[in-house]
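Coordinate inspection notes
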Amino acid sequence: MYGSLMAENSATARSYQEEAHAIHARDVHFDFSTVPLHYIPGEVVATHVVNVMHLVLPEGERAMAACLAEALPEIADERLREEVTGFVGQESMHAGSHEGARAHLQSIGLDVDSYVAKVAWLVDRALGDHGLTGKAKQQWLRERLGLFAGMEHFTAVIGEWLLETSTLDELGMHPTMLDLVRWHGAEEVEHRSVVFDAYMHVDGGYARRARTGVLASALLLPLFVVSTAYLYRQDPSPRKGRFWGAQFVSATRRQVIPSFTTFFTEMPRYLSPRFHPSQLGSMDNALRYLAQSPAVRG
Ligand SMILES: [Fe+2]
Ligand SMILES: [Fe+2]
């Protein structure tokens, strides 16, 4: 079934009729009660890089779910509509689950609520529907679909990394947090094509796809760096180790976190006119993890 998907590599609006796999939201449960502040033992900054997912991603995911829901009336292809509906459900579930982790971190002394409020405000200003009507509304919808397609490229690439790395297991990352990020990463791999296909269906222009792709990577990188630095400052622990930037570089070198250079090195692939997200890594890895994830099975 995936063979036909992988063979599909032309960046045009495609029909979903041949694809049997359906995207759907999974009901998951996480118990954060035993998660410590530094849940990757001895890795303060790497823990905070993961924390950015709990703080920043839910706001973006909510904006993305709203944008895709807004695009539904523009999508005639029945199967693509089904995929978009499943996608909206998955992203809403991601946002809710990370919020659980966020509430737990706040309760054990990492004050993040005011930062989250700022991120929510910023995301709404940058990526909300702005109450537009008519042609302006349609153009803004297309622009956001392009931006979100670009962002989804990075969540799929990072999702693939999370599924393949053994470093986090070796370091003894808390199993609940490891399951949370791997479940999320696996669903990012699973639904990697949906926003791209919605964009190709509704707009399909290469110039907008390229421009919004570059813009998406240019927005995500500083957001990650600024948020990590903020979390390190907020960390109340007396033993936070050396300067956060030095820890960040060290964690990258030891592959505890994905390299920030990903935001540059992935661009040529995304910008290829023949690129399609189904060309990214193994879908089987994602589905295998989802079949055994404790949160999914629980
Ligand atoms: Fe997500
Ligand atoms: Fe996603």
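Residues numbered from 1 in each chain as written. Chains lettered and ligands numbered in written order. Predicted model: local features only at pLDDT ≥ 70, side-chain atom pairs only at ≥ 80, totals over all residues. Heavy atoms only, no water.

1. A short note on the overall build of the chain
Which entries qualify depends on this criterion: Secondary structure elements are taken from DSSP: a helix is a run of H or I of four residues or more, a strand is a run of E of two residues or more, and numbering for both begins at the N terminus. Each radius of gyration is computed over the set of C-alpha atoms, and the globule rule expresses the reference value as 2.2 Å times the number of residues to the power 0.38. Throughout, exposure labels follow a simple rule: accessible area from a 1.4 Å probe, protein chains only, divided by the maximum for the residue type, with under 20% read as buried, over 50% as exposed, and the rest as partly exposed. The criterion used for residue contact is that any of the two residues' heavy atoms lie within 4.5 Å. In short, Shrake-Rupley with a 1.4 Å probe defines the accessible areas, and a residue's cover is counted only from the protein chains shown.
For the chain, the helix and strand inventory stands at 15 helices and zero strands. Here the chain has a C-alpha radius of gyration of 19 Å; the compact-globule value for 298 residues is 19 Å, and the two agree. With respect to the principal axes defined by its C-alpha atoms, the chain has extents near 55 × 40 × 35 Å. Sorting the 298 residues of the chain into buried and exposed places 56% on the buried side. The contacts of the chain with a sequence gap of at least 6 include a subset with a gap of at least 24, amounting to 82%. Here the chain has roughly 12700 Å² of accessible surface; of this, 58% comes from carbon and sulfur atoms.

2. Structural notes on the side chain of Glu-91
Going by this rule: When charges are counted, Lys and Arg are positive and Asp and Glu negative, with His and the chain ends excluded. The term salt bridge refers to a pairing of a side-chain nitrogen on Lys or Arg with a carboxyl oxygen on Asp or Glu at a separation within 4 Å.
The residue Glu-91 is located in helix H4 (residues 78-107) in this model. Buried within the structure, Glu-91 lacks any salt-bridge partner; its nearest side chain of opposite charge belongs to Arg-62, at an N-O separation of 11 Å.

3. As for the coordination of the iron ion (ligand 1)
Test applied: Any nitrogen, oxygen or sulfur atom within 2.8 Å of a metal ion counts as a donor, with the limit raised to 3.2 Å for Na, K and Ca, and since water is left out, coordination shells can look unfinished.
At the metal site, the iron ion (ligand 1) is ligated by Glu-61 (OE), Glu-91 (OE), His-94 (ND1), His-184 (NE2) and Glu-188 (OE), and these contacts range over 2.0 to 2.3 Å. Spacing between the donor residues of the iron ion (ligand 1) along their common chain follows E-x29-E-x2-H-x89-H-x3-E. Between the two metal centres, the iron ion (ligand 1) and the iron ion (ligand 2), the spacing is 3.7 Å, with Glu-91 acting as a shared donor. Residue His-94 is located in helix H4, and its partner His-184 is located in helix H8 (residues 175-190); the two are separated by 90 residues in the primary sequence. No difference in accessibility class separates His-94 from His-184, as the two residues are buried.

4. A word on the pattern of salt bridges
Under the criterion given, the structure shown has 17 salt bridges. Between Glu-70 and Arg-144 there is a salt bridge; the shortest N-O distance is 3.1 Å. Of the two residues, Glu-70 is situated in helix H3 (residues 57-71) and Arg-144 in helix H6 (residues 134-164); the sequence distance between them amounts to 74 residues. Across the pair, Arg-144 and Glu-70 agree in class, each one buried. Across the pair Arg-79 and Glu-82 runs a salt bridge whose closest N-O atoms are separated by 2.9 Å.

5. A look at the nonpolar core
The condition that has to hold: Only buried Ala, Val, Leu, Ile, Met, Phe, Trp, Tyr and Cys residues count toward a nonpolar core, and they belong to the same one when joined by side-chain atoms within 4.5 Å.
By size, the foremost hydrophobic cluster in this structure holds 89 residues, and its most contacted members are Tyr-39, Leu-68, Val-84, Leu-145, Phe-148, Met-173 and Met-177. At 11 residues, H6 tops the list of elements feeding residues into this core. For Leu-145, the residues in contact, after removing those within four places along its chain, are Cys-67, Leu-68, Ala-71, Val-195, Ala-198, Tyr-199 and Val-202.

6. Regarding the coordination of the iron ion (ligand 2)
Perfect tetrahedral coordination of a metal by four donors corresponds to 109.5 degrees between them, and perfect octahedral coordination by six donors corresponds to 90 or 180 degrees. We apply this condition: In this scheme the shape depends on donor count and angles: four donors with every angle between 85 and 135 degrees give tetrahedral, four or six donors with opposite pairs above 155 degrees and others between 65 and 115 give square planar or octahedral in turn, and any other case is irregular.
Looking at the iron ion (ligand 2), one finds its protein donor set to be Glu-91 (OE), Glu-152 (OE), Glu-152 (OE), Glu-188 (OE), Glu-188 (OE) and His-191 (NE2), positioned 1.9 to 2.6 Å from the metal centre. Seen from the iron ion (ligand 2), its six donor atoms lie at angles of 54 to 149 degrees, and the figure they make is irregular. Each donor residue of the iron ion (ligand 2) belongs to the same chain, with the gaps between them written as E-x60-E-x35-E-x2-H.

7. What about the confidence of the model for the chain?
Where we set the bar: Note: pLDDT gives the predictor's confidence per residue, expressed from 0 to 100.
When pLDDT is averaged along the chain, the result is 91; 93% of the residues meet or exceed 70. Confidence, read as mean pLDDT per element, is least for helix H1 (residues 2-7) in the chain (38) and greatest for helix H7 (residues 167-170) (98). When the criterion is pLDDT under 50, residues 1-11 qualifies, and its contacts beyond four places in sequence or with other chains add up to 25 contacts.

8. Topic: the environment of Val-256
Within the secondary structure, Val-256 is located in the loop between helix H11 (244-253) and helix H12 (262-265). Residues Val-256 and Ala-46, spaced 210 residues apart in sequence, show a C-alpha to C-alpha distance of 6.8 Å.

9. Some details on unusual backbone geometry
Phi at His-130 is positive, roughly 60 degrees, even though this residue is not glycine. Following the sequence through the fold, His-130 ends up in the loop between helix H5 (113-127) and H6. Classification of His-130 by relative accessible area gives partly exposed; the value is 43%. Positive phi outside glycine occurs at Gln-255, with the angle close to 60 degrees. Mapping Gln-255 onto the fold places it in the loop between H11 and H12.

10. Re the packing of H3 against H4
For the record, the criterion: Structural elements are reduced to axes, namely lines fitted to C-alpha atoms, with helices fitted over the stretch in contact, and the angle between N-to-C directions of any two is expressed from 0 to 180 degrees. Between 65 and 115 degrees an angle is taken as roughly perpendicular, under 35 as roughly parallel, over 145 as roughly antiparallel, and anywhere else as oblique. Note: crossing handedness is left-handed where the near helix turns anticlockwise from the far helix by less than a right angle, and right-handed where it turns clockwise. Under the grouping applied here, Gly and all other residues not named as nonpolar or charged are polar, the nonpolar ones being Ala, Val, Leu, Ile, Met, Phe, Trp, Tyr, Cys and Pro and the charged ones Asp, Glu, Lys and Arg.
H4 packs onto H3 with a crossing angle of 160 degrees between their chain directions and a minimal axis gap of 9 Å. When the axis of H3 is compared with that of H4, the two are roughly antiparallel. Viewed along their axes, H3 and H4 form a crossing whose handedness is left-handed. Every residue of H4 that contacts H3 at Pro-58, Glu-59, Glu-61, Arg-62, Met-64, Ala-65, Leu-68 and Ala-69 is listed here: Val-84, Phe-87, Val-88, Glu-91, Ser-92, His-94, Ala-95, His-98, Glu-99 and Arg-102. Residue composition of the contact of H3 with H4, by class: nine nonpolar, three polar and six charged.

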